[in-house]
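Chain by chain, the residues run as shown.
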Amino acid sequence: MAHSLVTGYGLQKKMEISTPSEATFKEMAKFHSDDYLDFLRRVTPEDTDEIIKYQARFNVGDFCPDCPVFEGLYDFCSISAGGSIAAAKKLNTGQADIAINWGGGLHHAKRGEASGFCYVNDIVLSILELLKYHQRVLYIDTDVHHGDGVEEAFYTNDRVMTVSFHKFGEFFPGTGALNDVGIGKGKHYSINVPLNDGIDDQSYEKLYRSVISHVMEWYRPGAVVLQLGADSLVGDRLGAFNLSMRGHAQSVEYMKTFNVPLILLGGGGYTVRNVARAWCYETSLALGVEVPEDLPFHEYYEYYTPEYRLDIPASNMENLNTREYLEKINIAVLENLRHVAHAPSVQMHHVPFDEWSSNDEEEDKDERITQSMSDKYRIPENGLSDSEDEGGGRRDRQSFRNAKHKEIRERQRVAAEAAGGASPIPRRAQRERNGARELDSNGQLRPGRPLSPSKLASKRQLQLPAIEGDPMVPEYGGDTTVLGGGDDDDANMADAEPEDDDTMDVDEEPIVPVKRPSLSLGGYVAESQLNSVDYQNAAEAAKDNEDAGSSYSQEMIPTDEALQDTNAASDPAPSLASLSSVPAVSTPALDTPVLAPSSIGSLGATAATGVIDSDAMDEQAPNL
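Quick look at the structure, then. (Residues numbered from 1 in each chain as written. Predicted model: local features only at pLDDT ≥ 70, side-chain atom pairs only at ≥ 80, totals over all residues. Heavy atoms only, no water.)

1. Let's talk about the overall build of the chain
Okay, step 1: Scanning the chain for helices and strands turns up 20 helices and 10 strands.
Okay, step 2: Counting over 624 residues, the chain shows a buried share of 42%.
Okay, step 3: When contacts within the chain are restricted to residue pairs at least 6 apart in sequence, those whose partners lie at least 24 apart make up 76%. (Helix = DSSP H or I, 4+ residues; strand = E, 2+ residues; numbered from the N terminus. Buried < 20%, exposed > 50% of the residue type's maximum accessible area, 1.4 Å probe, protein only. Contact = heavy atoms within 4.5 Å.)

Pasting the structure below:
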């Protein structure tokens, strides 16, 4: 529910989401005993004999109703511990300043037994990971229950200071008295703040900030682990405090002011809708993002009836923590800190080797953007996304680039109409016109209508002879459309982009672009009135030259059938002209001028129509 509410507000876009590996047996064995972990790994609800045999030893089953045996118990423990260990590694490597694992915070678990709904103590495992790189680590517990498992683990150690704000008295687990300060080397490094029922926001915030400010100033930790058990909220089914959502979250807001690497963990909480509210709000505080009180619609929206708001107001519960009692606790805590060495030093040692573990190998390498890559992406502060409604109707368009080209084409059409010309022909009309051409007896497309000589002369476009499979550009109402002849690159790009109402169907035949054949030596024969024998000689000469290393292309030489179609045509076949800028050569087998390779560059800017005079071409041949 907390994750669904966080994603409902879109907070996941402001942070990097990681999918850590499950904690291995070896990683959890850094704190827990091997026989206890082995029991968790093999036990199932059906193993009644196994449970009865070890339930008293490991504090599970009927011996401890708070810790039942259920299916997937070991997987649950490894997932929870793996998240907290991964959070500590993120801080160690400098990849994050604040890491969050709301599935962690199981602070009651001991080295060899379960306790208080906790089986594996992920907090201790994350602190052990932090101690590889940080000299001192501070642990703060705001759960309504005393964090006995973490305190017990570091009760004799001065590298970890534990501070717990909890209800004390006839309340689980019954530990955490004011005078429990540690023993041995860890004496005075355990700080307990026992509270009575009904403490409110104002009293809690004043005491919390007084204690933590002195601890941070005197102990100088390198990293902080903050457990945010939500059972200290007002209205919790097991809690007894009167803290509102904002009173509970002020600890996060205050710890951010120290600019120290911080891990936020979950914990207890037995009114689930309030737990989700609190952790979602504290996530927004960690990100520095304001969220509205009105809840967004999401998967568990109906659980927040009847108010549907991100708020947990305090009640009129009586506060049994008097001012004198709170002042007494504050003085005792400050007196305890006097016996602590200021920022105690740590002996130098080698950083243990981190075993590499990742889920990257399980991802599909063929995917361009994997799920983990998508989760890690964070949208910048001023970043925009097509997935959101950003105004201006951009979300409803096919694409931003398409809209830009559509606007360019509209401006081009208006300018053409203002100048008295015709607007560009839509691509769909061209496709329909090309598709309507009939096939000849050989199954090939019939040649299209020749381009208008006057239009070609005015536009100075090159007209190439039609070859097999090369569709001609059609003419519409006396206005010839020229493809690729415009000077405006943006207009050409706009023609290449489909409009919203001009999208190509899947089953529609794609447009065949105008074929630009190679104009190498021996490309197009310029004379069109040759007989069959001359064409056969030209084909043989082309084959001989090709064998000799020339770049002749046999497919450019018309066949007898093509010649007959050419002679039968009523319109003269277009041919190359304007030879004043195009040199020519003659082949030994056929005294017919052809285009020289050096003339390719000038063809793009020279165009006309007419029949070439062979004698005139022969006169210019020696100029080569």
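2. As for helix α3 (residues 34-42)
Okay, step 1: For α3, the full list of buried residues reads Tyr36, Leu37, Phe39 and Leu40. Buried residues along α3 cover an arc of 155° about the axis, so they all sit on one side.
Okay, step 2: Each element contacted by the buried residues of α3 is listed here: α2 (25-28), α4 (48-58) and α5 (73-92). (Arc of directions from axis to C-beta.)

3. Observations regarding the pattern of salt bridges
Okay, step 1: Applying the stated criterion across every chain yields a total of 18 salt bridges.
Okay, step 2: Between Lys90 and Glu16 there is a salt bridge, with its nearest N and O atoms 3.1 Å apart. One end of the pair, Lys90, is in helix α5; the other, Glu16, is in the loop between α1 (2-8) and α2, and 74 residues separate them in sequence.
Okay, step 3: Its salt-bridge partner being Asp35, residue Arg57 comes within 2.3 Å of it at the nearest N-O pair. On the criterion of sequence distance, the pair formed by Arg57 in helix α4 and Asp35 in helix α3 is long-range, its members being 22 residues apart. (Salt bridge = Lys/Arg side-chain N within 4 Å of Asp/Glu carboxyl O.)

4. Quick notes on the packing of aromatic side chains
Okay, step 1: A complete count under the given rule lists 17 aromatic pairs for this structure.
Okay, step 2: A ring pair is formed by Phe297 and Tyr301, whose centres lie 5.3 Å apart and whose planes are at 50°; its orientation type is tilted.
Okay, step 3: On the basis of relative accessible area, Phe297 is assigned to the exposed category, the value being 70%.
Okay, step 4: For Arg42, the ring lying beneath its charged end belongs to Tyr54, and the centroid distance is 5.5 Å.
Okay, step 5: The positively charged end of Arg246 is found above the aromatic ring belonging to Tyr281, 5.1 Å away from the centroid. (Phe/Tyr/Trp six-rings, centres within 6.5 Å; stacked < 30°, edge-to-face > 60°. Lys NZ or Arg CZ within 6 Å of the ring centre and 35° of its normal.)

5. Observations regarding the environment of Ser284
Okay, step 1: Within the secondary structure, Ser284 is located in helix α10 (residues 272-287).
Okay, step 2: The exposure class assigned to Ser284 is buried, which follows from its relative accessible area of 2%.
Okay, step 3: Other than its neighbours up to four places away in sequence, Ser284 contacts Leu11, Val289 and Val291.
Okay, step 4: A polar contact of 2.5 Å, which involves the side chain of Ser284, links it to the backbone oxygen of Tyr281. (Polar contact = N/O pair within 3.5 Å; in protein donor to acceptor, adjacent residues only side chain to side chain.)

6. A short note on unusual backbone geometry
Okay, step 1: The omega torsion of the bond from Phe172 to Pro173 falls at 0°, within 30 degrees of zero and hence cis.
Okay, step 2: Looking at the secondary structure, you find Pro173 in the loop between β3 (160-167) and β4 (190-195).
Okay, step 3: Note that the residue after Thr305, namely Pro306, is joined by a cis bond; omega there is 5°.
Okay, step 4: Residue placement: Pro306 occurs in the loop between α10 and α11 (323-337).
Okay, step 5: The backbone phi angle of Phe117 is positive, close to 65°, even though this residue is not glycine.
Okay, step 6: Although it is not a glycine, Arg220 adopts a positive phi angle of roughly 50°.
Okay, step 7: The residue Arg220 is located in the loop between α8 (201-219) and β5 (223-227) in this model.

7. What about the environment of Gly116?
Okay, step 1: Along the polypeptide, Gly116 turns up in the loop between β1 (98-101) and α6 (122-130).
Okay, step 2: Here Gly116 falls in the buried class, since its relative accessible area comes to 7%.
Okay, step 3: For the pair formed by Gly116 and Cys64, sequence separation is 52 residues and the distance between their alpha carbons is 8.6 Å.
Okay, step 4: Sequence-distant contacts of Gly116, defined by excluding residues within four places in its chain, comprise Asp66, Cys67, His108 and Phe172.

8. Section: the state of the cysteines
By definition, a disulfide links the sulfur atoms of two cysteine residues through a covalent bond.
Okay, step 1: Taken as a whole and assessed by the stated rule, the structure comprises 0 disulfides.
Okay, step 2: Cys64 carries a free sulfur, and the closest cysteine sulfur to it, the one in Cys67, is 3.9 Å from it. (Disulfide = S-S within 2.5 Å.)

9. Regarding the packing of α5 against α6
How two helices pack is summed up by the angle between their axes together with the distance between the axes.
Okay, step 1: Axis separation between α5 and α6 bottoms out at 8 Å; the angle between their running directions is 25°. Compared by their axis directions, α5 and α6 come out roughly parallel. Crossing handedness for the pair α5 and α6: right-handed. Counted together, Ser80, Ala81, Ser84, Ile85, Ala88, Lys89, Leu91 and Asn92 of α5 and Asp122, Leu125, Ser126, Glu129 and Leu130 of α6 form the full contact between these two elements.
Okay, step 2: When grouped by side-chain class, the residues that make up the contact of α5 with α6 number 6 nonpolar, 4 polar and 3 charged. (Axes fitted to C-alpha atoms, helices over the stretch in contact; angles between N-to-C directions. Parallel < 35°, antiparallel > 145°, perpendicular 65-115°, else oblique. Left-handed = near helix turned anticlockwise from the far one by under 90°. Nonpolar A, V, L, I, M, F, W, Y, C, P; charged D, E, K, R; others polar.)

10. A closer look at the sheet that holds strand β6 (residues 262-265)
Okay, step 1: Taken together, the 6 strands give an open sheet; going across it, the order is β1-β6-β5-β2-β3-β4, and neighbouring strands pair in parallel fashion. Edge positions in the sheet fall to β1 and β4, since each has one partner strand and no second. With direction set aside, neighbouring strand axes in the sheet form an average angle of 10°.
Okay, step 2: Strand direction decides the pairing type here: β5 and β6, joined by 4 bridges, are parallel. Bridging from a neighbouring strand, Leu226 pairs with Leu264 of β6.
Okay, step 3: With respect to the sheet, α8 is in contact with β2 (137-141), β3, β4 and β5, its orientation differing from that of β3 by roughly 170°. (Pairing = 2+ DSSP bridges.)

Don't take any of this as a statement about function, it's just geometry.
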